[in-house]
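A closer look at the structure
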Amino acid sequence: MSAETLTAEVLRNALVVAAEEAGIVVVRSAYSTFIVEGSDASAAILDAGGRLIAQSTATTLMNSMALKVALPELLKDVPAPTMRPGDVFVLNDAYRGGVHTNDLLVYRPVFVSGEPAYFTATMIHVSDLGGLSAGGMAPLATDVFLEGLQLPPVLLATARGVEPAIEAILRANSRTPDKVMGDVRALVAGTAVAAARMEALVAEYGPAGLARGVDDYLDHTEAMTRAALDTLPAGRHEASYPIDDDGIDVTVPHTVKVAITLTPGEAVVLDFAGTGPQVPAAINASLSQSLAAAVFATRCFLDPSIAMNDGCLRAIEVRLPPGSLLNARSPHPCGGRFVPIYAAMEAIFQALSDAMPERAIAASGILQPFSIAAVEAPYWIHLSYDFGGVGARQGKDGPDATGVHFGIGRNSVPQAEPVETRCPLLVESVETIPDSGGPGRHRGGLGSRTVIRFLADAHVTTRGDRLRNAPPGRSGGLPGRLGGFFLRRADGTLERLPSKSNNVRFAAGEAFVVETTGGGGIGSPYERPVEEVLADLDAGRVTRHGARADYGVAVTGDDTAQARRRTSTAGSKDTSNGADRLATSPASYFSAGLYSSPASSWTWTDGPSESSIRQ
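As the structure is a prediction and not an experimental result, all values here were calculated from the model.

1. Here we look at the overall build of the protein
Regarding its fold elements, the protein presents 14 helices and 22 strands. Counting only residues that meet the buried cut, the protein has 59% of its 615 residues in that class. For the protein, restricting intrachain contacts to residue pairs at least 6 apart in sequence, the fraction spanning at least 24 positions comes to 73%.

Take a look at the structure:
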């Protein structure tokens, strides 16, 4: 390694560390449970031209793209020459680069020779800024005004501290004012730490040397990205993916479409023309979020060692029709952005999987967000989400209950014990669901089940998807089992909740059950080797009944090493959309006739009872 290469690598890591340290400071300083226990904080370094230079390892693309897209909007309202050392700015406007009202984007200029040359930026989902339900989830909002307080680019703090007027506004619009201000001060502190590191780099390399190093770093990333794109099959590749519903009218279909054009030596073009129009419901996304989804899904087919910075973005052109589900205009709500952008990601995955069958991935279950809050003051709030199973990859089973990590940071699912100490609830169980992964030669990842019992009355708000339309399999693989949200009453009975519901009241002693959807499978399940089915049985990923119903493997007695497989391939293809696997036991979809083979075709000894299957 040459001295020049070594210097470039040291600089690259120094920039990432500056952002990483900022993110750590935010987590350690914040007040909200979701931030402190879930480590959900983002930090980035940008230059005055709006280029993304570096981001922390915990920063998701959805957040770094927001920080990148929103910075020029800040500079439109607050010209750089008017800024002073110590100034810190904030915005959350989804139509100007933001995400939704509870995600605050905070910027601090770093001065070089008296002018802002760089910006350090931090971002978190603060505990509450008003809206229909506590915690920033408003799944039934019909306009942005129901989602909470909107902030254009404004001065948040100076060298003297947080601006009193802004603090008063934030407090007046929050159910948890002390937590919000604790979160805000954590964001400000994070930018200060990163700014100090940037000032040290300016002193070490000199203003011109640092600027030259950054340019070289971005150019190198662009070259690597273009080279990786040139390995993908040239041509035009199209796909689409549906959304379950908008929460307001479940009869109206919504679809995201993409056409990917790969031309050697040129930037890849992802055109979302034909995507459904924006709607007065919380299933729209802002431009920054859709940009992030497109970049993420494309990078999944590239060399994972390629850095994420502006150089990568130069090689990816994303066209998002204004006024569509992926580029909403005011006042259409954007809080439910996960729904359309996960559909956009899936469309890209399937288009490139069609183009490269040897690298294909089946559709995945996605995260299912929810919030839990006190029904009246003093408010406590718990924000979380559980993950679905990832679709099977060509040659590999899908990972269990991890979701496709587009919007997820270092550890965004808080551990049970700290949450229980902060909120009046008990996490009774967290487990994967046997037989929930789509059967196939390669099995889809399992979904999960979480049971939360309340010690006090609470409001539950849900914002899910892929709970009606199961993630399909590929090449004869079957869809994943559908999940759902449930209210478990004190007598044990279950009531299924809508996937998008607002402030459902739970009484103390009742429980909230979250089941996530499994990923689709690849290839006929009858081609899965018996020993792999038995290994899944031994690991608890499939039940005996599932082994028989899904894979044609009948286990005799208590010895799992003895099994018989049905030789006929009849019934190995499932053309349903997975609705028959709706939050039920494997027995239900077997008896429903999804498999054309009669049960008498199987050898079955010592089978489980229906009650044991459900357990």
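2. What to know about the nonpolar core
In terms of nonpolar packing, the biggest core is built from 109 residues, with Tyr-107, Leu-156, Leu-170, Ile-260, Leu-270, Phe-272 and Ile-348 touching the most fellow members. Broken down by element, the residue count for this core peaks at 12 residues, all from helix 9 (residues 338-355). Ignoring anything within four residues of it in the chain, the contact list for Phe-272 reads Val-256, Lys-257, Val-258, Ala-294, Val-318, Arg-319, Leu-320, Pro-321, Leu-326, Ala-344 and Ile-348. Within the second largest apolar cluster, 22 residues are counted, among which are Ala-18, Ala-194, Leu-210 and Val-214.

3. So, the pairing of strand 13 (residues 381-386)
In terms of residue burial, strand 13 counts as a mostly covered element, since 6 of its 6 residues are buried. Neither face of strand 13 is left uncovered, since the one carrying Ile-381, Leu-383 and Tyr-385 and the one carrying His-382, Ser-384 and Asp-386 both have all their residues buried. As defined by bridge partners, strand 12 (residues 368-374) adjoins strand 13 across 6 bridges and the pair is classed as antiparallel. Of the residues in strand 13, the one forming a bridge with Gln-368 is Asp-386. Hairpin connection between strand 12 and strand 13: a loop of 6 residues separates the two successive antiparallel strands.

4. Things to note about the packing of aromatic side chains
Scanning all chains against the criterion turns up 8 aromatic pairs. Judged by centre distance (5.3 Å) and plane angle (75°), the rings of Phe-370 and Phe-512 are edge-to-face. In this pair, Phe-370 sits in strand 12 while Phe-512 sits in strand 20 (residues 511-515), placing the two residues 142 residues apart along the sequence. Comparing Phe-370 with Phe-512 shows no difference in burial state: the two are buried. The interplanar angle of 10° and the centroid separation of 5.9 Å between the aromatic rings of Phe-485 and Phe-512 together place this pair among those described as stacked. Of this pair, Phe-485 sits in strand 17 (residues 484-488) while Phe-512 sits in strand 20; the two residues are 27 residues apart in sequence, bridging distant segments of the chain. Phe-512 carries the same exposure label as Phe-485, and that label is buried. Among the aromatic residues, those joined into a ring-pair cluster are Phe-370, Phe-454, Phe-485, Phe-506 and Phe-512.

5. Structural notes on the sheet that holds strand 15 (residues 448-454)
Sheet architecture is open: 5 strands sit in the order 14-15-20-17-18, paired in antiparallel fashion. At either margin of the open sheet sits one strand with a lone partner, and together these are strand 14 (425-432) and strand 18 (494-497). The average undirected angle you get between the axes of adjacent strands in this sheet is 20°. Note: strand 17 against strand 20, 5 bridges, orientation antiparallel. Each residue of the ladder has a partner; that of Phe-486, found in strand 20, is Val-513.

6. So, the packing of helix 5 (residues 177-205) against helix 6 (residues 207-229)
A pair of packed helices can be characterised by two numbers: the angle between their axes and the separation between those axes. At a closest axis distance of 6 Å, the pairing of helix 5 and helix 6 adopts a crossing angle of 105°. When the axes of helix 5 and helix 6 are compared, the pair comes out roughly perpendicular. Across the interface between the two elements, Met-198, Leu-201, Val-202 and Tyr-205 of helix 5 pack against Pro-207, Gly-209 and Leu-210 of helix 6. Split by residue class, the contact of helix 5 with helix 6 holds 6 nonpolar, 1 polar and no charged.

7. Overview of helix 11 (residues 530-539)
Of the residues making up helix 11, those classed as buried are Val-533, Leu-534, Asp-536 and Leu-537. In a view along the axis of helix 11, the buried residues occupy a sector of 155°, so they form one face of it. Within helix 11, the exposed residues directed more than 90 degrees away from the buried face are Glu-531 and Asp-538. Just downstream of helix 11, Gly-540 is the residue with a positive phi angle, here 85°.

8. Considerations on the pattern of salt bridges
Note that side chains of opposite charge can pair when their charged atoms are close. Taken as a whole and judged by the stated rule, the model has 39 salt bridges. In this structure, the salt-bridge partner of Glu-238 is Arg-236, at a minimum N-O distance of 2.8 Å. For the residue pair Glu-238 and Arg-236, the accessibility class agrees, reading exposed in each case. Here Arg-505 and Asp-457 are joined by a salt bridge, their closest N and O atoms 3.2 Å apart.

9. Some points on the pairing of strand 20
Successive side chains on a regular strand alternate, one facing one side of the sheet and the next facing the other. Burial of strand 20 is extensive: 5 of the 5 residues sit out of reach of the surface. Neither face of strand 20 is left uncovered, since the one carrying Ala-511, Val-513 and Glu-515 and the one carrying Phe-512 and Val-514 both have all their residues buried. When strand 15 meets strand 20, the two strands line up antiparallel, connected through 5 bridges. Looking across to strand 20, one finds that Arg-453 is bridged to Ala-511.

10. A few points about the packing of helix 3 (residues 61-77) against helix 7 (residues 287-299)
One can describe the packing of helix 3 onto helix 7 by two numbers: an axis separation of 8 Å at closest approach and a directional angle of 130°. Judged on the interaxial angle alone, helix 7 and helix 3 are oblique. Crossing of helix 3 against helix 7: the hand is right-handed. Of helix 7, the residues touching helix 3 (which contributes Leu-61, Met-62, Met-65, Ala-66 and Val-69) are Leu-287, Ser-288, Gln-289, Leu-291, Ala-292, Val-295, Phe-296 and Arg-299. Classifying every residue of the contact of helix 3 with helix 7 gives 10 nonpolar, 2 polar and 1 charged.

11. Remarks on the sheet that holds strand 2 (residues 52-55)
Spatially, the 7 strands line up as an open sheet ordered 2-1-5-4-3-6-7, and their pairing is antiparallel. Pairing within the sheet leaves two strands with one partner each, and these edge strands are strand 2 and strand 7 (161-162). Here 2 bridges tie strand 6 (residues 154-158) to strand 7, and the two strands are oriented antiparallel to one another. Each residue of the ladder has a partner; that of Thr-158, found in strand 7, is Gly-161. Taken strand by strand, helix 6 contacts strand 2, strand 4 (103-112) and strand 5 (115-125), and its axis lies near 85° from that of strand 2.

12. Side note on empty space enclosed by the protein
Taken as a whole and judged by the stated rule, the model has 6 cavities of 30 Å³ or more. Its boundaries defined by the atoms lining it, the largest cavity holds a volume of some 250 Å³. Taken together, 23 residues form the lining of the largest cavity, with Phe-34, Asp-40, His-125, Arg-337 and Tyr-385 sitting closest to its centre. At the level of elements, helix 3, strand 5, strand 12 and strand 13 are the ones that each hand at least two residues to the lining of the largest cavity.

Conventions we followed
Residues numbered from 1 in each chain as written. Predicted model: local features only at pLDDT ≥ 70, side-chain atom pairs only at ≥ 80, totals over all residues. Heavy atoms only, no water. Helix = DSSP H or I, 4+ residues; strand = E, 2+ residues; numbered from the N terminus. Buried < 20%, exposed > 50% of the residue type's maximum accessible area, 1.4 Å probe, protein only. Contact = heavy atoms within 4.5 Å. Core = buried A, V, L, I, M, F, W, Y, C linked by side-chain atoms within 4.5 Å. Pairing = 2+ DSSP bridges. Phe/Tyr/Trp six-rings, centres within 6.5 Å; stacked < 30°, edge-to-face > 60°. Axes fitted to C-alpha atoms, helices over the stretch in contact; angles between N-to-C directions. Parallel < 35°, antiparallel > 145°, perpendicular 65-115°, else oblique. Nonpolar A, V, L, I, M, F, W, Y, C, P; charged D, E, K, R; others polar. Arc of directions from axis to C-beta. Salt bridge = Lys/Arg side-chain N within 4 Å of Asp/Glu carboxyl O. Left-handed = near helix turned anticlockwise from the far one by under 90°. 1 Å grid on protein atoms, 1.4 Å probe; cavity = no way out; pocket = protein on both sides within 12 Å on 5 of 7 lines; lining within 4 Å. Points joined across faces, edges and corners; volume = space filled by probe spheres on them.

None of the figures reported here should be taken as evidence of function without further support.
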